[in-house]
Amino acid sequence: AQTVTQSQPEMSVQEAETVTLSCTYDTSESDYYLFWYKQPPSRQMILVIRQEAYKQQNATENRFSVNFQKAAKSFSLKISDSQLGDAAMYFCAYRSSGSARQLTFGSGTQLTVLP
Amino acid sequence: DTEVTQTPKHLVMGMTNKKSLKCEQHMGHRAMYWYKQKAKKPPELMFVYSYEKLSINESVPSRFSPECPNSSLLNLHLHALQPEDSALYLCASSQAGAHGVNGYTFGSGTRLTVV
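All residue numbers here refer to positions counted from 1 along the written sequence of the relevant chain. Here chains are named by letter from A upward and ligands by number from 1 upward, in the order in which they appear as written. The model is predicted, so local features are restricted to residues of pLDDT at least 70 and side-chain atom pairs to those at 80 or more, both for listing and for counting; the totals for chains, interfaces and linings are taken over all residues. Just so you know, side-chain values use all the structure's heavy atoms and leave hydrogens and water out.

Considerations on the packing of aromatic side chains
The description of an aromatic ring pair uses the distance of the two centres, along with the angle that the planes make with each other. Spelled out, the test is: The criterion for an aromatic pair is that two Phe, Tyr or Trp rings (for Trp, the six-membered ring) have centres within 6.5 Å, with stacked assigned to planes under 30 degrees apart, edge-to-face to planes over 60 apart and tilted to the rest. Strands are runs of DSSP state E lasting at least two residues, helices are runs of H or I lasting at least four, and both sets are numbered from the N terminus onward.
Under the defined criterion, the tally for this structure stands at 16 aromatic pairs over all chains. A ring pair is formed by phenylalanine 105 of chain A and tyrosine 35 of chain B, whose centres lie 5.9 Å apart and whose planes are at 85°; its orientation type is edge-to-face. Of this pair, phenylalanine 105 of chain A sits in strand E11 (residues 103-105) while tyrosine 35 of chain B sits in strand E4 (residues 31-37), which puts the two residues in different chains. Members of the aromatic cluster, joined through ring pairs, are Phe35, Tyr37, Phe91 and Phe105 of chain A together with Tyr33, Tyr35, Tyr104 and Phe106 of chain B.

This is the structure in structure tokens:
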């Protein structure tokens, strides 16, 4: 079974600064997908960024980028130019490419953005 | 339409009540999911429907009864719940094929309180 580990329960960043959230995972599969989801106090889980394991190039979405290290099974999220609206719980998630296709979530990192 | 709509947003029910949660999407997704989320924790998978058939039941107590009447709707019927069942219930949908890169689309959840 796959496991996803987020070792930072809480992080804080100054507005306009850069912060990196860590995520590691364990799997025996070679083909899979990785995601970062954001859950603000409004409760809705919002997809921030996604990465296909077969792609070597790191995904980027505006101020959000990932550092995907397949051999190390590491998938960190970098948020540049942090904004107050980035404050939320961030979940790293793994999805198998197989038939189950369930999302396995990490325990989450609560990000606070300081003005 | 790129949304998953959940109703009601809030629900308070007694332990002897029967109530239902509703989830609707019109994105053509053929996989739908129910998750339970406690505060500051990641979502926990309850049920998976694929092509309107129940494909995964994560050993959920029978007081939770899912139903998928058509490809756009997913219900969760609740009966004789316990106070520990109080949580945020999230619905999600995804493409059911091998298009795992798109991840899930989540609704904003129903906040359930059992008294």
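Concerning the pattern of salt bridges
Residue and element names in this part refer to chain A. In plain terms, the rule: Just to be clear on terms, a salt bridge is a Lys or Arg side-chain nitrogen sitting within 4 Å of an Asp or Glu carboxyl oxygen.
Following the criterion strictly, the structure yields six salt bridges over all chains and no others. Here aspartate 26 and lysine 73 are joined by a salt bridge, their closest N and O atoms 3.7 Å apart. You can see aspartate 26 sitting in strand E4 (residues 24-26) and its partner lysine 73 sitting in the loop between strand E8 (64-69) and strand E9 (74-79), a full 47 residues away along the chain. Aspartate 86 is paired through a salt bridge with arginine 63; the nearest N and O atoms lie 2.8 Å apart. Here aspartate 86 is found in the loop between E9 and strand E10 (88-96), whereas its partner arginine 63 is found in the loop between strand E7 (60-61) and E8, with 23 residues between them in sequence.

Re the sheet that holds strand E8 (residues 73-79) of chain B
Residues and elements named next belong to chain B. What counts, and what does not: The pairing criterion is simple: DSSP has to find at least two bridges between the two strands. Lines fitted to C-alpha atoms define the axes, with helix axes restricted to the stretch in contact, and inter-axis angles between N-to-C directions lie between 0 and 180 degrees.
Taking strand neighbours across the sheet as the criterion, the four strands line up as E1-E3-E8-E7 in an open arrangement whose pairing is antiparallel. A strand with exactly one partner marks an edge of an open sheet, and here the two such strands are strand E1 (4-7) and strand E7 (64-70). For this sheet, the mean angle separating the axes of adjacent strands, direction not counted, is 20°. Relative to E8, strand E3 (residues 18-25) runs antiparallel, the two sharing seven bridges. Paired with glutamate 24 across the two strands is leucine 73, which belongs to E8.

Things to note about the interface of chain B and chain A
A common way to state how big an interface is: give the accessible area lost once the parts meet. Our working definition: The contact criterion used throughout is that any non-hydrogen atoms of two residues lie within 4.5 Å. Accessible area that two parts lose when put together, evaluated with a 1.4 Å probe and summed over both, is termed the buried area. Nitrogen and oxygen atoms within 3.5 Å of one another constitute a polar contact, given that in protein one can donate a hydrogen and the other can accept it, and given that sequence-neighbouring residues count only through two side-chain atoms. Basically, the charged four are Asp, Glu, Lys and Arg, the nonpolar ten are Ala, Val, Leu, Ile, Met, Phe, Trp, Tyr, Cys and Pro, and anything else, Gly included, counts as polar.
Listed as interface residues are 31 residues of chain B and, on the opposing side, 21 residues of chain A. In this assembly, chain B packs against chain A so that about 2000 Å² is buried in total across both faces, 51% of it on carbon and sulfur atoms. Along the contact surface separating chain B from chain A lie eight residue pairs in polar contact (both at pLDDT 80 or more). Elements represented by at least two residues in the side of chain B that touches chain A include exactly E4, strand E5 (44-50), strand E9 (87-94) and strand E11 (110-114) of chain B. Taken together, the residues that form the side of chain B that touches chain A break down as 13 nonpolar, 13 polar and five charged.

Quick word on the state of the cysteines
One way to say it: the disulfide is the covalent bond shared by the sulfur atoms of two cysteines. All names here are of chain A. The condition is simple: Only a pair of cysteine sulfur atoms within 2.5 Å counts as a disulfide in this structure description. Accessibility here uses a 1.4 Å probe with only protein chains present; expressed as a share of the type maximum, an area under 20% marks a residue as buried, one over 50% as exposed, and anything in between as partly exposed.
Tallying each qualifying case throughout the model produces two disulfides over all chains. Disulfide pairing places cysteine 23 opposite cysteine 92 at an S-S distance of 2.0 Å. Torsion about the S-S bond of the cysteine 23 and cysteine 92 cystine: about -70°, corresponding to left-handed handedness. Of this pair, cysteine 23 sits in the loop between strand E3 (19-21) and E4 while cysteine 92 is found in strand E10, placing the two residues 69 residues apart along the sequence. Exposure remark for cysteine 23: the relative accessible area of 2% places this residue in the buried category.

Observations regarding the side chain of histidine 29 of chain B
Residue and element names in this part refer to chain B. Within the secondary structure, histidine 29 is located in the loop between E3 and E4. A relative accessible area of 11% places histidine 29 in the buried class. Of note is the side chain of histidine 29, whose polar atom sits 3.4 Å from the backbone nitrogen of serine 94. Look past the residues within four positions of histidine 29 in its chain and what remains in contact with it is Ser71, Ser93, Ser94, Gln95 and Thr105.

Describing the nonpolar core
Short version of the rule: Joining through side-chain atoms within 4.5 Å is the link that ties buried Ala, Val, Leu, Ile, Met, Phe, Trp, Tyr and Cys residues into a set, and such a set is a nonpolar core.
Among the nonpolar cores identified, the biggest contains 25 residues, and Tyr25, Trp36, Phe75, Leu77 and Tyr90 of chain A are the most heavily contacted of them. Listing elements by their share of this core, those giving two or more residues are E3, strand E5 (32-39), strand E6 (46-52), E8, E9, E10 and strand E12 (109-114) of chain A. Looking at this core, the element that brings in the most residues is E10 of chain A, giving four residues. Counting 22 residues, the second-largest nonpolar core is a separate cluster that includes Tyr49, Phe64, Cys68 and Tyr89 of chain B.

Some remarks on the side chain of glutamine 51 of chain A
All names here are of chain A. The residue glutamine 51 is located in strand E6 in this model. In terms of polar contacts, glutamine 51 uses its side chain to reach the backbone carbonyl oxygen of lysine 55, at 3.1 Å. Dropping the residues within four chain positions of it, glutamine 51 is found in contact with Tyr32, Tyr33, Leu34, Gln57, Asn58, Ala59, Val66, Phe68 and Phe75.

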